[in-house]
Amino acid sequence: MAIFKFDFIVVGSGAAGLLAAHKLAGTGRVAVITKRSPEISNTDLAQGGIAAVTAPGDNFDLHIADTLRTGAGLSDPRVVNLVISEAPARIRELVALGTRFSLRQGAYELGLEGGHSRRRILHAADATGHEIERALLETCKADRNITFFPFYSAVDLILKGRPARVRPKKNVCLGVYALEEATGRVHSFLAPAVVLASGGAGKVYRYTSNPDVTTGDGMAMAYRAGLRLVNMEFVQFHPTCLYHPQAKSFLISEALRGEGGILRGEGGKAFMKNYSRYRELAPRDIVARAIDSELKRTGADCVHLDMTRLKAAFLRKRFPTIYAKCLRLGIDITRDPIPVVPAAHFFCGGVRSDEHGRTALPGLYAIGEVAHTGLHGANRLASNSLLEACVFAHRAAEAAGRDRPGLPAAGKPARWTTGNARPSDEAVIMTHNWDEIRTLMWNYVGIVRSDKRLARASARMKVISEEIVKYYWDFLPTRDLLELRNIACLAGVIIRSARSRKESRGLHYTVDYPKPSAKFLRPTAVDRY
Ligand code: SIN
């Protein structure tokens, strides 16, 4: 088991992690720990784009108002203000680092998505995340101060004091234990500053737009370290993922509805007019619930997104990735309505962090989807997440460079010990529990919730979690086991948060309390103790 010492450790290699690594590399040596090959990230799959005020006729106040309205009373106006006013600077920076956004007549071609009152979504056709990831990855790979550790899974934070005894504020984060997949060994990575940029937890749910790596590892590690997870009940379900047996996790971007796509249910009838005056461009929670309700009412497996009234040449140019993917599966989007269903997409909650990405644990920063900054509140405005990732990568990198310049990693270097653990002999426990958690979360803690469903989910999760904890300590860690432990931990946290919010607000909808209540106009916070 090796000990690696760096100035900064970044966990995760999406937009937040890579931009932070690039900036931190200006002041010290950076390790980027990532579970698979670095480009495998939620960022890489993001289609729609990044929201920013860049056009005449738009202004910060409008973008702020759209964000606050979508956040349903729980966004922090101060944070909304700072993110939106810093957006243009972060866009210029992405462009300087090589990102090529789509242009029309020399200006940015701007998309429209649900909840936005203006066209303000910068995009690279329909593969915006991939383009940002490409540019940042090329930048970071060329930097000699950055070392990538691909196929390393973060296991837990290394702390100075035991979290059961020392409150986070009095504790110190010394680094991260990480499992090297090739050898099965757990190494210690030590640094004065650790930046969690490990993304969300879509894999807690059976159906998700996220890649396989999104098992909420950073959120679960922070929780085990005694930190609070905030607003975890607010899970955003993207209304339109491709419904096809061979199309795992493929998103049909909201931008298609922005360009005039129509959702059709039974008998080809457009149904969104029955749910919102904004129809297809209502915020995502409303569109996802409308589809869910249509599916339950009619018993159908999917609804359809109809793009056929738009010009074929426009669709092929504006949505080349979606067009090509659907065509490979026998769906010509210029002629055929696209079968779609909702799927878990984004966590509005996460590790509480301040306006510089600092958490309550000295030495630990959280940025991107893993963090709860206060921007999204009870519901995220489309295309505000890549923006949040970039703004907080910048702010956290500045703070981490400032907070502990040149300090060596504090404390005794902690080594991982395996105790009496042995190689696993019953992997079926893992596959069984993995499937059960994801199915119960989908059925009982999904788009529409109820007290009864949440109680059932809670009782089941108690049994499953006990089994997993026992299994975890008896056997040597593998990536599958670490991921299972993390999704089980977060499923429990989501259920606890959802049970404590006895109202419906934003993404949290329960049939037992269908209206918002002033009593719950505050974030939910859950910790381990
Ligand atoms: C999409 O393209 O619909 C996803 C954009 C987002 O999640 O903000």
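Structure: see above.
Here is a short report on the structure shown in this document. (Residues numbered from 1 in each chain as written. Predicted model: local features only at pLDDT ≥ 70, side-chain atom pairs only at ≥ 80, totals over all residues. Heavy atoms only, no water.)

Section: the sheet that holds strand β2 (residues 8-11)
Part 1 of the argument: Strand order in the open sheet made by the five strands is β9-β3-β2-β13-β20, with parallel pairing throughout. Unpaired on one side and paired on the other, β9 (146-150) and β20 (364-366) mark the two borders of the sheet. Mean inter-strand twist for the sheet, computed between neighbouring axes without regard to direction, equals 20 degrees.
Part 2 of the argument: Relative to β20, strand β13 (residues 193-196) is paired through three bridges, and the arrangement is parallel. By the bridge assignment for β20, Val195 is matched with Tyr365. (Pairing = 2+ DSSP bridges. Helix = DSSP H or I, 4+ residues; strand = E, 2+ residues; numbered from the N terminus. Axes fitted to C-alpha atoms, helices over the stretch in contact; angles between N-to-C directions.)

Here we look at the packing of aromatic side chains
Part 1 of the argument: Going through the model one piece at a time under the given rule, you end up with 14 aromatic pairs.
Part 2 of the argument: Aromatic pair Phe149 and Tyr152: ring centres 5.3 Å apart, planes at 75 degrees, arrangement edge-to-face.
Part 3 of the argument: On the accessibility criterion, Phe149 (8% relative accessible area) is buried.
Part 4 of the argument: A residue is classified by how much of its surface remains accessible, and Tyr152, at 11% relative accessible area, is buried.
Part 5 of the argument: Between Tyr471 and Phe475 the ring centres are 4.5 Å apart and the planes differ by 45 degrees, which places this aromatic pair in the tilted class. Take Tyr471 and Phe475: they sit in the same class, and that class is buried. (Phe/Tyr/Trp six-rings, centres within 6.5 Å; stacked < 30°, edge-to-face > 60°. Buried < 20%, exposed > 50% of the residue type's maximum accessible area, 1.4 Å probe, protein only.)

Quick word on the site of the ligand
Part 1 of the argument: The environment of the ligand is formed by Gln47, Gly48, His238, Leu251, Ser253, Glu254, Arg284, His345, Arg380, Ala382 and Ser383.
Part 2 of the argument: Taking Gly48, its main chain carries an N or O atom lying 2.8 Å from an oxygen atom of the ligand.
Part 3 of the argument: Burial of the ligand by the protein amounts to 95% of the accessible area it has alone, namely 260 Å². (Near = heavy atom within 4 Å. Polar contact = N/O pair within 3.5 Å; in protein donor to acceptor, adjacent residues only side chain to side chain. Areas by Shrake-Rupley, 256 points an atom, 1.4 Å probe, with all protein chains shown as cover.)

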